[in-house]
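Architecture and fold: a report
So you can see what is in the structure, the chains are spelled out below.
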Amino acid sequence: MSLNSEDIKKIAHLARLQIDEEDIPGYVRNLSEILALVEQMNYVNTSDVHPMAHPQDVSQRLRADKITETDQRAHFQENAPLAAAGLYLVPKVIE
Amino acid sequence: MHNLSIWQLAEGLRTKKFSPRELTEHFLTRIEHFNELLNCFITTTSDGALAAADAADKRIRAGDGVPLTGIPIVHKDIFCTEGVKTSCGSRMLDNFIAPYDATSVARLKQAGAVMLGKTNMDEFAMGSSNETSYYGAVKNPWDIERVPGGSSGGSAAAVAARLTPAATGTDTGGSIRQPASLCGITGLKPTYGRVSRYGMIAFASSLDQGGPMACTAEDCALLLQVMAGFDPCDSTSIERAVPDYTAGLDQPLKGLRIGLPREYFAEGLNEGVGSVIEEAIATYRSLGCKITEISLPNTNLAVPVYYVVAPAEFSSNLARYDGVRYGYRCEDPKDLLDLYKRSRGEGFGPEVKRRIMIGTYVLSAGYYDAYYLKAQQVRRLISDDFKQAFENVDVIMGPTSPSTAFKLGEKAADPVQMYLSDIYTIAVNLAGLPGISIPVGLHQNLPVGLQIIANHFDESRLLNVAHRFQQETAWHARAPDGVE
């Protein structure tokens, strides 16, 4: 399975990653090689095999719907690039 | 003091041969002396360490100490440490001060361990050589032109150079075991779910595990004792009692059934490494173990499966780095899309971006079934191979890495080459099994590690099997030249 530069641009957009035009051939090459490696999986028949999402097949643990955490917004916002009045600031979204 | 084990240091503190402050100062001085050469540390926390040392001193004098009280430790920079920079080896978190302690960090702190600093690592734990860090490569203390392995390269190098008696690491595809092997130390990856992932920056959520790194299995047992156990803050943490890992270390191994997978001794394994491993196996034979050849037929599929599952989970986990709530933000974003794309494009290094792209692709519409779902099915086949094997053997052994430490830059240009060197460690993460790497010899003056794999939650067995080898041999006590 080989990719082209249009594929790379589409994937980068989905991943919200800015990539430079000059790096695209490198990505095409690396990703195509990795996908070739991954093709090996197709030689194995897995028609009756149940997918394994967790090594011990455990499912999500539940707890009582009670409030246990405290509000630490101010503390966590110390790491914010830009915040005011308890809100995180970003460029205008709505036109 | 830096050649003593954690047990010996604890005894020294208890009998007042030296104080926690003297011990901490000793290691801080060594770090100052060696770090420029080795680059193991991203942050050193001298003030905090001395304060913690003094607190440990009070505790020991009050008769309130436990084995780890006053023992210096370093944490891989993937663990959140409250009030201390936590970078994950990335520009993306270069400005991030963790607002809380990871559970593993908190538990070790509670036991009185003294944090000396945060160690260097491959960016976001992505790598097997510690060459992808934003903070520069770590050098292997055995040969500074070579890699220490990764992604816990900083922790491994720090222990090997005797800059600390204890370290934490994380392992998603071999990142504790492989650097332990390349640096000649002992590193253990617990069963998935044994050690809490809360506060451990996420790479691949169904594979990640934090674990101890030290010179000996005995020391790892002490560390694991504190780290292991159910944590309500981690939704994948398993509720299961933690045994006493320090009891039963000396149990004789007569009759132990060891399986050697033929696939681990096939082409690709360096001859010199193979010979050292064979000698180690001979030592186990002399201890009365029964060695049999086994087969893990789906071994060669571990690499393709891993390179679908891990990047997929990784791309999902790294979506949180968006320049909004924490971490790197680009300058003058034009609009929201520009904010996302440039913050991420500038904040992440090339290997991280590569893996995010692969992960995004295999999870995208039209490809999910062909790649991710298929990989999870093959994953079960790989896990079933181990299940079958453990019906007839107690532990599985083989080389941790197909070669000794390679030169800096040797594999960086070819990611697929790098990925293939994880062949022996990856399947263990896919199956969620515990694994340990112990130093068993040298080849061309570079360490060789033996990997021992046990069944789920059988860490006691792993530690016992490793410890008995270390009682019969002295490889674990060999330090690299130049670190006296």
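You'll find the structure just up there.
Description of the structure in this document. None of these values were measured; they are calculated from a predicted model.

Turning our eyes to something else, we now look at the overall build of chain A. Scanning chain A from terminus to terminus reveals 3 helices and 2 strands. Along its sequence from the N terminus, chain A presents helices and strands in the succession α-α-α-β-β. Here chain A has a C-alpha radius of gyration of 22 Å; the compact-globule value for 95 residues is 12 Å, and the former is much larger. In terms of its C-alpha atoms, chain A occupies a principal-axis envelope of roughly 55 × 45 × 25 Å. In chain A, buried positions account for 17% of the 95 residues.

With that out of the way, let us pick up the pairing of strand β7 (residues 257-261) of chain B. Residue and element names in this part refer to chain B. In this structure, β7 lies alongside strand β8 (residues 290-294), joined through 5 bridges in parallel fashion. Its bridge partner lying in β8, L260 is registered against E293. Following the backbone out of β7, through helix α8 (residues 271-286) and into the adjacent parallel β8, one traces a crossover that is right-handed.

Here we take up the packing of helix α12 (residues 369-389) of chain B against helix α14 (residues 423-431) of chain B. All names here are of chain B. Remark: α12 packs on α14, axes separated minimally by 9 Å, with the N-to-C direction vectors making an angle of 100 degrees. Regarding the angle of α12 to α14, the classification is roughly perpendicular. On α14, the residues that touch R379, I382, S383 and F386 of α12 are A427, L430 and A431. Residue composition of the contact of α12 with α14, grouped by class: 5 nonpolar, 1 polar and 1 charged.

Bringing the interface of chain A and chain B into the picture now. The interface of chain A with chain B comprises 40 residues on the first partner and 54 residues on the second. Listed by contribution, the elements that provide at least two residues to the side of chain A that touches chain B are α1 (5-14), α2 (24-38) and α3 (73-76) of chain A. Counted by class, the side of chain A that touches chain B contains 26 nonpolar, 10 polar and 4 charged residues.

To continue, consider helix α4 (residues 103-110) of chain B. All names here are of chain B. T103, S104, V105, R107 and L108 are the residues of α4 that are buried. Residues of α4 that are buried in the fold lie against β2 (72-76), β4 (166-171), β6 (209-214) and α7 (217-227). Backbone geometry just downstream of α4 places G112 in the positive-phi region, at approximately 95 degrees.

Conventions we followed
Residues numbered from 1 in each chain as written. Chains lettered and ligands numbered in written order. Predicted model: local features only at pLDDT ≥ 70, side-chain atom pairs only at ≥ 80, totals over all residues. Helix = DSSP H or I, 4+ residues; strand = E, 2+ residues; numbered from the N terminus. Rg over C-alpha atoms; globule rule 2.2 N^0.38 Å. Buried ≥ 20, exposed ≤ 12 C-beta atoms within 10 Å, placed from the backbone. Pairing = 2+ DSSP bridges. Right-handed = clockwise from strand over helix to strand, strands pointing away. Axes fitted to C-alpha atoms, helices over the stretch in contact; angles between N-to-C directions. Parallel < 35°, antiparallel > 145°, perpendicular 65-115°, else oblique. Contact = placed C-beta atoms within 7 Å. Nonpolar A, V, L, I, M, F, W, Y, C, P; charged D, E, K, R; others polar.

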